[in-house]
Amino acid sequence: MIHNFRHSLEYERSMAARADAFYNDVLGAKIIRRFNSDSDEDMRMQREDVDVLIERRGIEYRVSEKFREHDYDDLYIEIYSKYPDTPGWVITGTPNAILYFFPSSVYWVTHKSLSEFCVNKLFPAIPRADIEEIFETHKTYLSKSIVLDNSTVAIKLVQAHNHDGADWETIGVCVSFDVLAKNEVQFKKM
């Protein structure tokens with residue numbers, strides 16, 4: 001299945017009103033500043049995986065927004081933005097928080113705790129052969145098991161076959177919220 005990058009971008013931008021309402025109504029944000037134009041500054045912030053700045057209770061947060069069209073009991077984490085040379089947003093990003101918008105809920109995930117878990121435990125536990133397998137077979141999904149802290153954990157590798165004038169592969173992993181909680185990733189369902 002080809003992933004249309006422009007379509008995904010348009011979907012994300014169409015969700016801005018929902019996200020802004022959440023920031024105002026649920027979080028009580030006083031300032032919302034989006035980086036969704038193609039200006040140089042906005043593109044710089046996008047490369048740092050910062051979609052919006054919000055001010056809440058006098059504190060400014062750099063927020064990365066993720067939108068999923070279906071409710072899942074897992075979090076999608078990008079390993080490679082462009083396989084094999086460009087690391088994913090959890091490595092290169094600089095937000096304070098990742099807000100994951102599902103149709104029926106929103107999760108606030110602390111970027112630092114997620115990044116530390118991925119770099120120190122999750123990514124090293126995924127065999128390189130599994131990454132190469134999904135890439136070489138051109139599959140979209142690949143269910144695997146890995147070992148974390150002497151426990152077997154089910155994961156799903158996901159590959160997006162991107163096309164937007166150029167072709168590239170994005171590879172990520174879906175991990176259950178239970179596994180994230182057991183590994184001290186700080187998140188809250190809101």
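Reading the values: rules and limits
- Every chain is numbered independently, its residues counted from 1 as its sequence is written.
- The predicted origin of the model limits local features to residues at a pLDDT of at least 70 and limits the giving and counting of side-chain atom pairs to 80 or more, whereas totals for whole chains, interfaces and linings rest on all residues.
- No hydrogens and no water enter the side-chain calculation; it runs on all heavy atoms of the structure.
- Salt bridge, as used here, is a side-chain nitrogen of Lys or Arg placed within 4 Å of a carboxyl oxygen of Asp or Glu.
- To qualify as a helix, a DSSP run of H or I must reach at least 4 residues; to qualify as a strand, a run of E must reach at least 2; elements of each kind are numbered from the N terminus.
- Each residue's exposure class comes from its accessible area (1.4 Å probe, protein chains only) as a fraction of the maximum for that residue type: buried when under 20%, exposed when over 50%, partly exposed otherwise.
- To qualify as a nonpolar core, a set must consist of buried Ala, Val, Leu, Ile, Met, Phe, Trp, Tyr and Cys residues joined through side-chain atoms within 4.5 Å.
- Whether two residues are in contact is decided by their heavy atoms: any pair within 4.5 Å suffices.
- One bridge is not enough; two strands pair if DSSP finds at least two bridges between them.
- In this analysis an axis means a line fitted to C-alpha atoms, helices contributing only their contacting stretch, and an angle means the value between N-to-C directions, from 0 to 180 degrees.
- Cysteine sulfur atoms are paired as a disulfide whenever they come within 2.5 Å of each other.
- The definition of a polar contact used here is a pair of N or O atoms within 3.5 Å, where within protein one atom must be able to donate a hydrogen and the other to accept one, and adjacent residues in sequence count solely through side-chain atom pairs.
- Taken from the helix axis, the directions to the C-beta atoms give the arc we talk about.

Colleague: Where do I start with the pattern of salt bridges in this structure?
Modeller: In a structure, side chains of opposite charge can pair up when their charged atoms sit close to one another. Going through the model one piece at a time under the given rule, you end up with eleven salt bridges. Of the charged contacts in the structure, one is a salt bridge between Asp49 and Lys66, with a shortest N-O distance of 3.0 Å. Taken as a pair, Asp49 in the loop between helix 3 (40-47) and strand 3 (52-56) and Lys66 in strand 4 (residues 59-67) lie far apart in primary sequence, 17 residues in all. As far as the burial class goes, Asp49 and Lys66 line up, both buried. If you follow the salt bridges from partner to partner, you end up with Asp20, Arg34 and Glu65 in one network.

Colleague: How should the nonpolar core be read in this particular structure?
Modeller: Looking at soluble globular proteins, one finds that nonpolar side chains tend to be buried together. Residues Ile77, Leu114, Leu122, Phe123, Ile126, Leu157 and Val173 are the most contacted members of the largest nonpolar core, which totals 37 residues. Sort the elements by how many residues they give to this core and helix 5 (residues 111-125) lands first, with six residues. Excluding residues that lie within four positions of it along the chain, Leu122 makes contacts with Ile77, Phe117, Ile146, Leu148, Val173 and Val175. Core analysis: the second largest hydrophobic core is formed by 16 residues, Ala19, Val52, Phe101 and Val106 among them.

Colleague: I would appreciate a short explanation of the sheet that holds strand 8 (residues 106-110) in the present structure.
Modeller: Two strands in a sheet stick together by hydrogen bonds in their backbones, pointing the same way (parallel) or opposite ways (antiparallel). Taken together, the six strands give an open sheet; going across it, the order is 2-3-4-7-8-12, and neighbouring strands pair in mixed fashion. A single partner strand is all that each edge strand has here, and the edge strands are strand 2 (31-34) and strand 12 (187-189). Direction aside, the axes of adjacent strands within the sheet are offset by 25 degrees on average. In this structure, strand 7 (residues 97-101) lies alongside strand 8, joined through five bridges in antiparallel fashion. Residue Phe101 lies in a different strand from strand 8, and its bridge partner there is Val106.

Colleague: Before we go on, may I ask you to explain the environment of Phe177 in this structure?
Modeller: Structurally, Phe177 is set in helix 7 (residues 177-182). Phe177 gets classed as buried once you look at its relative accessible area, which sits at 4%. C-alpha of Phe177 to C-alpha of Phe187: the two residues are ten residues apart in sequence and 8.8 Å apart in space.

Colleague: I keep staring at the state of the cysteines and nothing clicks. Help me out?
Modeller: In a disulfide, the sulfur atoms of two cysteines are covalently bonded to one another. Here the structure, examined in full by the defined rule, presents zero disulfides. Free cysteine: Cys118, not disulfide-bonded; nearest cysteine sulfur from Cys174 at 12 Å. By relative accessible area, which is 7% here, Cys174 ends up buried.

Colleague: Looking at this structure, how should I read the environment of Glu41?
Modeller: Examined against the element boundaries, Glu41 turns out to sit in helix 3. For the pair Glu41 and Asp71, spaced 30 residues apart in sequence, the C-alpha to C-alpha distance is 33 Å. In contact with Glu41, other than residues within four places in its own chain, are Arg33 and Phe35.

Colleague: I tried to follow unusual backbone geometry on my own but got confused; where do I start?
Modeller: Negative phi values dominate among residues other than glycine, just as trans dominates among peptide bonds. Here the residue pair Tyr83 and Pro84 is connected by a cis peptide bond, since its omega of 5 degrees sits within 30 degrees of zero. Inspection of the secondary structure assignment puts Pro84 in the loop between strand 5 (74-82) and strand 6 (86-87). One non-glycine residue, Glu184, lies in positive phi territory at about 65 degrees. On the secondary structure map, Glu184 appears in the loop between helix 7 and strand 12.

Colleague: Help me understand the side chain of Gln159, please; the structure alone is not making it clear to me.
Modeller: Note on placement: Gln159 falls in strand 10 (residues 151-163). A polar atom in the side chain of Gln159 sits 2.9 Å from the backbone oxygen of Lys139.

Colleague: Could you clarify how one ought to interpret helix 6 (residues 128-137) in this entry?
Modeller: Counting along an α-helix, one turn takes 3.6 residues, and residues three or four places apart therefore face a common direction. Listed in full, the buried residues belonging to helix 6 are Asp130, Ile131 and Ile134. When helix 6 is viewed along its axis, its buried side chains cluster within an angular range of 105 degrees and face the same direction. Turned more than 90 degrees from where helix 6 packs its buried face, Ala129 and Glu136 sit exposed. Those residues of helix 6 that are buried lie in contact with strand 5, strand 9 (141-148), strand 10 and strand 11 (167-176). Following helix 6 by one or two positions, His138 adopts a phi angle in the positive range, close to 60 degrees.

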